Amino acid sequence: AVRFHRPESGLGLSDKAKASIQAARKVESLIPWWELQPAMELLNEREPNEAYATAKAGQACVIFFTNGGEVTVNLSRWPKELSVCWINVSTGQWGPEANLKAGERVPLKAPEVGPWVAVILQNRTASSAQKSNAFDSVRHVSATLTSWTESARQKQPARGVLRVHPNNPRYFTDDSGKAILMVGSHTWNNLVDMGPGDPPPPFDFLAYLDFLEKYNHNFVRMWTWELLTWDTAGNRDPNAQVHHAFPHPWKRTGPGTARDGKPKFDLTQFDDTYFSRLKERVKLAQERGIYVSIMLFEGWGLQFSPNAYEFHPFHPDNNVNGIKGDLDGDGKAVEIHELKEPRILEIQKAYVRRVIDTVNEFDNVLYEISNENHPPSTDWQYEMIRFIKAYEKEKGRQHPVGMTFQYRGGSNRTLFDSPADWISPNPEGGYRDDPPAADGSKVIINDTDHLWGIGGSRTWVWKSFLRGMNPIFMDPYDGKILSRGPNLNWTEDIRKAMGDVRTWSQRVDLASMT
């Protein structure tokens, strides 16, 4: 009854409902539902409401575990060689595969707590069943893509946290010891919902992960947005609109009303909605083998979105803590991202600690200090990089930290001189038109966002790859937030090219390439 699992807006389906539908379709890709009959007699040593079975006699058995658990299955009349494929109902994704021997009391245990489906098949491995019948969207595009195939788009889960490759520091590696090329499409509302409505429409993150898998991508920038709104007139958008943004890291408790008519923020209390969403999306991405660079702050909007400061939580009209971000009274408040106000810095560091506490357990995490902040933010960004590294030393995992192009007027030298592990440069030095060869002094994630805004080409992807960089794309996605006109066909070449170069990177000894 997925109709009962709706998002807070009351419209559409929640992530839970979508995952359940995906899981059901995966089962159907292995055995049509209409060929199955109830088969509870196959289950033994079953607790009440623990597991339910349906089967096509001697050929396929589907067992649903409501919340983990273990049963025995009577497969005495089945062929001797069987296979089991697990499907995680919470995420809608494939789980482990294994071989089974037929018998009277075959033990079957769910991989972990939560709802799971086991599909038992005869004379075929679960993996071959997936390859021959998989319903996923990647199957339907294989004939239209230029060079990469479904076999090249298999998940490759992270094996330990990323660190700079010791033999080829142009790339990251993990416990596998292999050099890992990062490619991917990122889009503005992949963490914070955005749109002209208030509240804005929810972003379909599971569909976004399907999209990334379809193109063989393994990296995203997960965007934050500090402002309550985004006026795209600041982007010179001919059809400018004002987007609302939700959620934010702090609770809106009041007393008093902020400039948008809602309760003021209490900057000492965190909103679990934001951090729960962040954790869930990082987890879902890790299950798909996708790395997530968590953007901690956003500097472009405060500089260029009209009336930005009026709709920032650090405006005194918007918080109950007496925090004022505009220290020099010019109405811009870019000092928020400088080291000028100790109270603001402590609030920011408390927020960063909460982010780290939320996602430190995951291997697929990277951090980015801020998107396109102004050049005087340099000392503040350096301080944040050092702060993250020091705080994570107390934790179980230490993740790479990045610094990206400072707009407007920033220098790439500032990035190379930083304590960051990775950087994203501006066009200075040819990174857009004729990228220079990477020398390994930093891992370079070459991002179209800092080169064109919205733009790029297949040729640029290949040049970046062949010169030792990791190309990523600022993707308009569905064009609802910001685009370069209504025709988005030009984006396909870039998306496919990134998948192509990732496939090629896995066919060669990338760590030995200089």
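Conventions adopted
- Residues numbered from 1 in each chain as written.
- Predicted model: local features only at pLDDT ≥ 70, side-chain atom pairs only at ≥ 80, totals over all residues.
- Heavy atoms only, no water.
- 1 Å grid on protein atoms, 1.4 Å probe; cavity = no way out; pocket = protein on both sides within 12 Å on 5 of 7 lines; lining within 4 Å.
- Points joined across faces, edges and corners; volume = space filled by probe spheres on them.
- Helix = DSSP H or I, 4+ residues; strand = E, 2+ residues; numbered from the N terminus.
- pLDDT = per-residue confidence, 0-100.
- Contact = heavy atoms within 4.5 Å.
- Buried < 20%, exposed > 50% of the residue type's maximum accessible area, 1.4 Å probe, protein only.
- Pairing = 2+ DSSP bridges.
- Right-handed = clockwise from strand over helix to strand, strands pointing away.
- Core = buried A, V, L, I, M, F, W, Y, C linked by side-chain atoms within 4.5 Å.
- Axes fitted to C-alpha atoms, helices over the stretch in contact; angles between N-to-C directions.

Chemist: What's the story with empty space enclosed by the protein in this structure? I'm lost.
Modeler: Rolling a probe over the atoms, with the probe sized like a water molecule, indicates the empty space that remains. Under the counting rule described, the total for this entry stands at two cavities of 30 Å³ or more. Within this model, the largest cavity holds a volume of roughly 120 Å³. In terms of lining residues, the largest cavity is bounded by 15 residues, among which E226, P249, W250, L296 and F297 are the most central. For the lining of the largest cavity, the secondary structure elements donating two or more residues are β19 (291-298) and α7 (342-359).

Chemist: I keep staring at the confidence of the model for the protein and nothing clicks. Help me out?
Modeler: Low pLDDT means the predicted coordinates in that region are not meant to be read closely. A residue-level look at the protein finds 91% of positions with pLDDT of 70 or above and a mean pLDDT of 90. Considering only residues more than four positions removed or in separate chains, one finds that residues 125-152, a stretch of pLDDT under 50, has 54 contacts.

Chemist: Whenever I open this one, the pairing of strand β23 (residues 443-447) confuses me. Can you help?
Modeler: Moving residue by residue along a regular strand, the side chains alternate between the two faces of the sheet. Taken across its five residues, β23 has five buried, putting it largely inside the fold. Sheet topology note: the strand β22 (residues 422-424)/β23 ladder contains two bridges and is parallel. When the sheet's bridge partners are listed, W422 is paired in β23 with V443. As paired strands, β23 and strand β24 (residues 470-474) are joined by three bridges and run parallel to one another. Counterpart to D447 in the pairing with β24 is I472. Traced from β23 through helix α10 (residues 458-466) to β24, the parallel crossover comes out right-handed.

Chemist: Looking at this structure, how should I read the environment of L339?
Modeler: Its place among the elements puts L339 in the loop between α6 (300-304) and α7. Considered as a pair, L339 and E383 are 44 residues apart in the sequence and their alpha carbons are 8.8 Å apart. Non-local contacts of L339, meaning those with residues more than four positions away in its chain, are made with L345, D379, W380 and E383.

Chemist: How do you make sense of the nonpolar core when you look at a structure like this?
Modeler: When a protein is soluble and globular, its nonpolar side chains tend to lie buried together. If you look at the biggest cluster of nonpolar residues, it comprises 96 residues, and the most contacted ones within it are I294, L296, Y351 and Y367. Examining the composition of this core, we find that eight residues originate from one element, α7, more than from any other. The contacts of Y351, once residues within four sequence positions are left out, are T224, P249, W250, F270, Y274, F275, M295, L296 and F297. Formed by 23 residues, the second largest nonpolar core is a distinct cluster that contains A51, V71, L100 and A110.

Chemist: Please explain the sheet that holds strand β16 (residues 242-246) as it appears in this structure.
Modeler: Across a sheet, strands are paired by hydrogen bonds formed along the backbone, either parallel or antiparallel in direction. In space, the three strands of this open sheet follow the order β13-β16-β15, with antiparallel pairing throughout. Edge positions in the open sheet fall to β13 (193-195) and β15 (229-231), since each of these has one partner strand only. Within the sheet, the average angular offset between the axes of one strand and its neighbour, ignoring direction, is 20 degrees. Here three bridges tie β13 to β16, and the two strands are oriented antiparallel to one another.

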